[in-house]
Amino acid sequence: MSDVPVFQNGSALPRRDLLRFSAFAGAAFVIAPSAADAARSVFRHGVASGDPLPDRVMLWTRVTPTSDAVPGSGRGPSVTVGYEVAEDAVFKRVVRRGSATTGPAHDHTVKVDATGLRAGRTYFYRFTFDGHRSPVGRTKTAPTGSVSQLRFGVVSCSNYQAGHFAAYQHLAERGDLDAVVHLGDYLYEYGPGEYGAFRAHQPAREVTTLAEYRMRHGQYKTDPQLQQLHAAYPWIITWDDHETANDAWSGGAENHTEGAEGTWVSRRAAALRAYHEWMPIRFGAGDTIYRRLRFGSLASLSMLDLRSYRAKQGTPGSLTGPDQMAFLRESLLDSDVQWKLVGNPVMFSPLLVPPLPLAVGTALASLTGQSPDGVVLNNDQWDGYSADRRALISLLADNGVRDTVFLTGDIHTSWAFEVPVDAGTYPLSRTVATELVVPSVTSDNIDDLTRTPPRTSSVAVETALMGLNRHLKWAELDSHGYAVLDVRPAEVRMSWYFLADRQRADSPAALAKSVVVPAGTQSIR
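Being a predicted model, the structure only gives us computed values, none of them experimental. (Residues numbered from 1 in each chain as written. Predicted model: local features only at pLDDT ≥ 70, side-chain atom pairs only at ≥ 80, totals over all residues. Heavy atoms only, no water.)

**So, empty space enclosed by the protein**
So, point 1. Roughly 80 Å³ of volume is contained in the largest cavity.
So, point 2. In terms of lining, the largest cavity is formed by Trp239, Asp240, Thr244, Ala248, Trp249, Trp264, Arg268, Ala271, Leu272, Arg307 and Ser308.
So, point 3. Within the residue set of the lining of the largest cavity, elements represented by two or more residues are β13 (248–249) and α6 (264–278).
So, point 4. Looking at the lining of the largest cavity, the element that brings in the most residues is α6, giving 4 residues.
So, point 5. Here the lining of the largest cavity is built from residues that sort into 6 nonpolar, 2 polar and 3 charged. (1 Å grid on protein atoms, 1.4 Å probe; cavity = no way out; pocket = protein on both sides within 12 Å on 5 of 7 lines; lining within 4 Å. Points joined across faces, edges and corners; volume = space filled by probe spheres on them. Helix = DSSP H or I, 4+ residues; strand = E, 2+ residues; numbered from the N terminus. Nonpolar A, V, L, I, M, F, W, Y, C, P; charged D, E, K, R; others polar.)

What follows is the structure, given as structure tokens:
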């Protein structure tokens, strides 16, 4: 979106700065309540950062310069917003400052690519407008060279209507992450009461137009727990389907009625533009959002877009499209980094009833037209696009690529897979990658959909799926929460934390499961 304003200007956080940041963020408005109220009104959607590179990071906010300049209104004047980036939480050591102009054409959002920063460093940032200061955000640039450890929060599927975002608050309060990876379904397009009725969506209808998508983004970014996590760390994010419409593909969506809801082309363009305005993300040429970030020699993170280029579910064709597939192949063949992490919006691993040995499945497929891997449960994920998956598995196998880990969302449940060359003959077939799947922050999972008590009917389903799919090492279908990914030269460790109750803003969370992927093994321990 060339008309969105992006203005260029210009280690682990020390405990003293963390304490200063916490105290400053918590008490910034205590001294002068009237000024605090005014500042909150102007910067009511918080601050955010994202896509950290070694020398820069994207900064984001939105201003409300007049009372009628609410999201999606198209009202309000064009204004100039200042920003500062500092090495300390009280802005004694400012290293970058500048300004950006925004207005109703951009829904009063501001995106700044703050450049000239130092690699692997924590920074603090804030915005100013009309004498008011925004909340303070904390961010971090990507490291270079030899890196001993990375730690990411990993989340997906955050439906406002289904519960509170306590998972976000738990991650924010850790204080020890390098970034947050969000794997899609940051928001949902549904109207009130559809797919959740705990909190009502605004506007009070399914969103289909630019103004409505802007309003929905604005509602989500007034959530205090979401604001807290955005202000705490840089986010690395991609979209899945609900940022536009359920089960989206390149030419439409299950939840889109052509004509009655406008054209898919116009609806998707509206959703894309609002996303561009409201998210701290860099778009590439042609509005591409698949991209690769590098964290020294330890890891790269390739974020995929598995909605914009896919063929319709249930029809022959590609999931990634040719250009994105070429990008992913290049990422996986990069010998300059150890761990190849893939931010993957839909499940990669075979989940079949049952997986068939490849020779058998290929023969049957020629007769029946089914997937050569076996009987598909969900053709919205990579299972429905087996040719693309087979090409990647062959790439990994033929080139001896090691240490590839798919990080996946979408399915609202928790899983850990080894990815074999031939799922039908596993464990005789060797593995080429692993996949770690995070639960939803709030969106319905199995016990919510079946209205059965947690850990009752789902347990039998988990057992059956693991029996049929022997490369599936763990599954939990009932809980909501988040994960923390630790990356070290010797191993990758994923730890899942589950909430006690998604509908409690103060819900506790507890460690539920940790798995380890030892370097060089493509296996789960």
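**A short note on the nonpolar core**
So, point 1. Tyr168 and Leu229 are the most contacted members of the largest nonpolar core, which totals 34 residues.
So, point 2. If you list the elements that add at least two residues to this core, you get α3 (166–174), α5 (224–232), β12 (234–237), α6, β24 (481–488) and β25 (491–499).
So, point 3. A total of 5 residues in this core trace back to one element, the largest contributor, which is α3.
So, point 4. Of all hydrophobic cores here, the second largest spans 33 residues; its members include Ala142, Val154, Leu407 and Ile524. (Core = buried A, V, L, I, M, F, W, Y, C linked by side-chain atoms within 4.5 Å. Buried < 20%, exposed > 50% of the residue type's maximum accessible area, 1.4 Å probe, protein only.)

**Section: the packing of aromatic side chains**
So, point 1. Under the definition given, this model contains 22 aromatic pairs.
So, point 2. Taking 5.9 Å as the distance between ring centres and 75 degrees as the angle between the ring planes, the aromatic pair formed by Tyr290 and Tyr309 counts as edge-to-face. Taken together, the positions of Tyr290 in the loop between α6 and β15 (291–295) and Tyr309 in the loop between β16 (299–303) and α7 (322–332) put the pair 19 residues apart, joining distant regions of the chain.
So, point 3. When its relative accessible area of 16% is taken as the criterion, Tyr290 is described as buried. (Phe/Tyr/Trp six-rings, centres within 6.5 Å; stacked < 30°, edge-to-face > 60°.)

**Describing the environment of Pro357**
So, point 1. Secondary-structure assignment places Pro357 in the loop between β18 (352–355) and α8 (358–368).
So, point 2. Residue Pro357 is classed as partly exposed on the basis of its relative accessible area of 28%.
So, point 3. The spacing of Pro357 and Ser429 is 72 residues in sequence and 9.7 Å in space, taken between C-alpha atoms.
So, point 4. Every residue in contact with Pro357, bar those within four places of it in the chain, is listed here: Asp422, Gly424 and Thr425. (Contact = heavy atoms within 4.5 Å.)

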